Structure formats: structure tokens, C-alpha cells
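The primary structure of each chain is shown beneath.
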Amino acid sequence: MALRIDAGIDERTGQRKQIYRSRFKTKREALEEINKLKTEIMNGEYSEPSKTLFKDYIQNWLYNTRKYEVQIFLLLKSTKRWFVFI
């Protein structure tokens, strides 16, 4: 079972925004999710999932957060280690 909710107008594009969810086993689960999403939208608490790639997130974290916590030598060492996986 799937659901689609209207989430207002996108301010950048002026187009209608929709939220799509699927894989509910029962109608009750889908209705609970609809109510939860509607409440979040009305309270202004809903935020769309990020489309940031993992490699971009790690780079940002390494260079903007981690560098203030460790010495430069350790930053370079951990950077090499992370980029092996990316």
C-alpha cells in the first residue's frame, strides 16, 4: 500500500510539493503515517530527506568539523582512510 500527500507549494519553483511513502502492510499503518505527516507539515516540523551523497557529507564533516577537534596530521591521516572507502 502506498500514499501520497500534498505538502503545499515549493517556494523556489512555485510547483506543488508531494510526499510519497510506500510499503505499508495495512491500511491502518498508512493512515497513521498520513496523520503523522500532516501534523508535522502543519506545525512546520517536516523537513525533506537530504539528497547529500555520503562522500560529500564525509568531506564536509572532515574539513569543517573534525579539523577543529584534532591536529592537522591526524586530519590528513583520517582523510586518507575515509577516501579509501569512498
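It should be emphasised that the depicted structure is a prediction, and the values quoted were computed from it without experimental measurement.

The rules we used
- Residues numbered from 1 in each chain as written.
- Predicted model: local features only at pLDDT ≥ 70, side-chain atom pairs only at ≥ 80, totals over all residues.
- Heavy atoms only, no water.
- Pairing = 2+ DSSP bridges.
- Helix = DSSP H or I, 4+ residues; strand = E, 2+ residues; numbered from the N terminus.
- 1 Å grid on protein atoms, 1.4 Å probe; cavity = no way out; pocket = protein on both sides within 12 Å on 5 of 7 lines; lining within 4 Å.
- Points joined across faces, edges and corners; volume = space filled by probe spheres on them.
- Nonpolar A, V, L, I, M, F, W, Y, C, P; charged D, E, K, R; others polar.
- Contact = heavy atoms within 4.5 Å.
- pLDDT = per-residue confidence, 0-100.
- Polar contact = N/O pair within 3.5 Å; in protein donor to acceptor, adjacent residues only side chain to side chain.

## Concerning the pairing of strand E1 (residues 3–9)
Point 1. For E1 and strand E2 (residues 16–21), the ladder comprises five bridges, and the chain directions are antiparallel. When the sheet's bridge partners are listed, Ile-9 is paired in E2 with Arg-16.
Point 2. What sits between E1 and E2 in their antiparallel hairpin is a turn of six residues, with Gly-14 showing a positive phi close to 80°.

## Some remarks on the layout of surface pockets
Point 1. Roughly 180 Å³ of internal volume is contained in the largest pocket.
Point 2. Lining the largest pocket, in full, are Ala-7, Lys-17, Gln-18, Ile-19, Tyr-20, Arg-21, Tyr-46, Glu-48, Pro-49 and Lys-51.
Point 3. Residues belonging to the lining of the largest pocket are distributed by class as follows: five nonpolar, one polar and four charged.

## Brief notes about the side chain of Asp-10
Point 1. Considering the arrangement of structural elements, one finds Asp-10 in the loop between E1 and E2.
Point 2. Setting aside residues no more than four positions away along its own chain, Asp-10 makes contact with Gln-15 and Lys-17.

## A closer look at the environment of Thr-26
Point 1. When you line up the elements, Thr-26 lands in the loop between E2 and helix H1 (27–43).
Point 2. With 24 residues separating them along the chain, Thr-26 and Ala-2 place their C-alpha atoms 9.9 Å apart.

## Observations regarding the confidence of the model for the protein chain
Reading fine detail from the predicted coordinates is not recommended where pLDDT is low.
Point 1. Scored by pLDDT, the protein chain comes out at a mean of 78, with 74% of its residues at no less than 70.
Point 2. Within the protein chain, the lowest mean pLDDT, 60, falls on helix H3 (residues 72–85), and the highest, 89, falls on H1.

## Focus: unusual backbone geometry
Point 1. Positive phi, close to 70°, is recorded for Arg-23, a residue that is not glycine.
Point 2. Secondary-structure assignment places Arg-23 in the loop between E2 and H1.

## Section: the environment of Gln-18
Point 1. Mapped onto the fold, Gln-18 is located in strand E2.
Point 2. Placed 13 residues apart in sequence, Gln-18 and Ile-5 show a C-alpha to C-alpha distance of 5.5 Å.
Point 3. Not counting chain neighbours up to four residues away, the residues in contact with Gln-18 comprise Arg-4, Ile-5, Asp-6 and Ala-7.
Point 4. At 3.4 Å, the side chain of Gln-18 forms a polar contact with the side chain of Arg-4.

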